[in-house]
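Structural overview for review
So the chains spell out like this:
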Amino acid sequence: MIVKSILSVKGHDVLTTSPTTTLAEGAKTLAEKRIGALVITGADNRVVGIVTERDIVRAIAAHGASALTMAVSEFMTRKVVTCSEADTVASIMEQMTAGKFRHIPVVEGHRLVGIVSIGDVVKWRLHEMEQEHSALRDYIQTA
Ligand code: AMP
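As a starting point, this report considers the structure included with it. What you see is a predicted model; the values in this text were computed from it and never measured.

Things to note about unusual backbone geometry
It is generally the case that most residues other than glycine have a negative phi and that most peptide bonds are trans. Its identity as a non-glycine residue notwithstanding, Arg 34 has a phi of 55 degrees, on the positive side. Among the secondary structure elements, Arg 34 is positioned in the loop between α2 (23–33) and β2 (37–41). Relative accessible area serves as the criterion here: at 77%, Arg 34 is assigned to the exposed category.

With respect to the sheet that holds strand β3 (residues 47–52)
What the three strands build is an open sheet, ordered β1-β2-β3; its pairing is mixed. The open sheet has two edge strands, β1 (16–17) and β3, and neither has a second partner. Two strands pair when backbone bridges link them, and β2 and β3 are joined in this way by five bridges, in the antiparallel orientation. Along β3, the bridge assignment pairs Ile 40 with Gly 49.

So, the nonpolar core
Within the largest apolar cluster, 13 residues are counted, with the highest numbers of intra-cluster contacts made by Val 3, Ile 92, Val 106, Val 116 and Val 121. Elements represented by at least two residues in this core include exactly α1 (3–10), α4 (89–99), β4 (103–108), β5 (111–117) and α5 (118–142). Excluding its chain neighbours within four sequence positions, the residues that come into contact with Ile 92 are Val 3, Cys 83, Asp 87, Ile 104, Val 116 and Val 121. Ranked by size, the runner-up nonpolar core spans eleven residues in total, among them Ala 59, Ala 67, Val 72 and Phe 75.

So, the site of the ligand
Lining the immediate surroundings of the ligand are 15 residues, of which Thr 52, Asp 55, Thr 77, Arg 102 and His 103 lie closest. Contact distances for the ligand include 2.8 Å between an oxygen atom and a side-chain N or O atom of Thr 52. Within the backbone of Val 81, one N or O atom sits 2.8 Å away from a nitrogen atom of the ligand. About the coverage of the ligand: the protein hides 94% of its 480 Å² of free accessible area.

So, α5
With 25 residues, α5 should reach 36 Å at 1.5 Å per residue; the first-to-last C-alpha distance of 36 Å fits that figure. For α5, the elements touching its buried residues are α1, α4 and β5.

Examining the environment of Val 122
With respect to the element layout, Val 122 can be found in helix α5. With 120 residues separating them along the chain, Val 122 and Ile 2 place their C-alpha atoms 14 Å apart.

Cut-offs used in this document
Residues numbered from 1 in each chain as written. Predicted model: local features only at pLDDT ≥ 70, side-chain atom pairs only at ≥ 80, totals over all residues. Heavy atoms only, no water. Helix = DSSP H or I, 4+ residues; strand = E, 2+ residues; numbered from the N terminus. Buried < 20%, exposed > 50% of the residue type's maximum accessible area, 1.4 Å probe, protein only. Pairing = 2+ DSSP bridges. Core = buried A, V, L, I, M, F, W, Y, C linked by side-chain atoms within 4.5 Å. Contact = heavy atoms within 4.5 Å. Near = heavy atom within 4 Å. Polar contact = N/O pair within 3.5 Å; in protein donor to acceptor, adjacent residues only side chain to side chain. Areas by Shrake-Rupley, 256 points an atom, 1.4 Å probe, with all protein chains shown as cover. Expected span 1.5 Å × (residues − 1).

Dropping the structure here:
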């Protein structure tokens with residue numbers, strides 16, 4: 001199964017913000033939109049970083065409340081692992097497990113076309129297992 005199948009169900013929307021956004025604004029967006037990561041894009045809309053809930057927790061642990069007025073660029077991860085729509089779901093699961101992160105932006109060329117979280121992957125895998133289970137049950141009943 002490939003990443004494109006997940007995006008065809010969940011959609012292609014990705015919340016992005018600029019590197020100069022403050023951590024407080026970033027945190028507000030995450031809370032309001034009920035998401036765990038913000039992709040940071042540069043002037044040409046290219047991915048230049050990612051900020052997740054964990055980065056915000058670490059920033060506050062390191063700097064206290066003053067972190068909130070600092071720019072997200074101070075805390076974002078710059079070396080972002082991305083995938084393409086043609087990548088398999090199994091391969092991105094492996095990347096997330098090995099890299100200990102839960103979000104992967106989907107990029108085609110330099111265009112951001114979606115984001116997949118570990119929650120999306122688990123949801124997809126459960127759906128796949130239910131289908132396999134029901135196909136096997138039907139097979140047994142008709143055999
Ligand atoms: P997460 O588990 O997604 O909250 O992220 C844990 C840490 O990994 C944070 O420091 C994130 O900035 C970083 N991170 C999240 N997603 C990615 C990614 N796709 N590539 C590189 N680092 C990431």
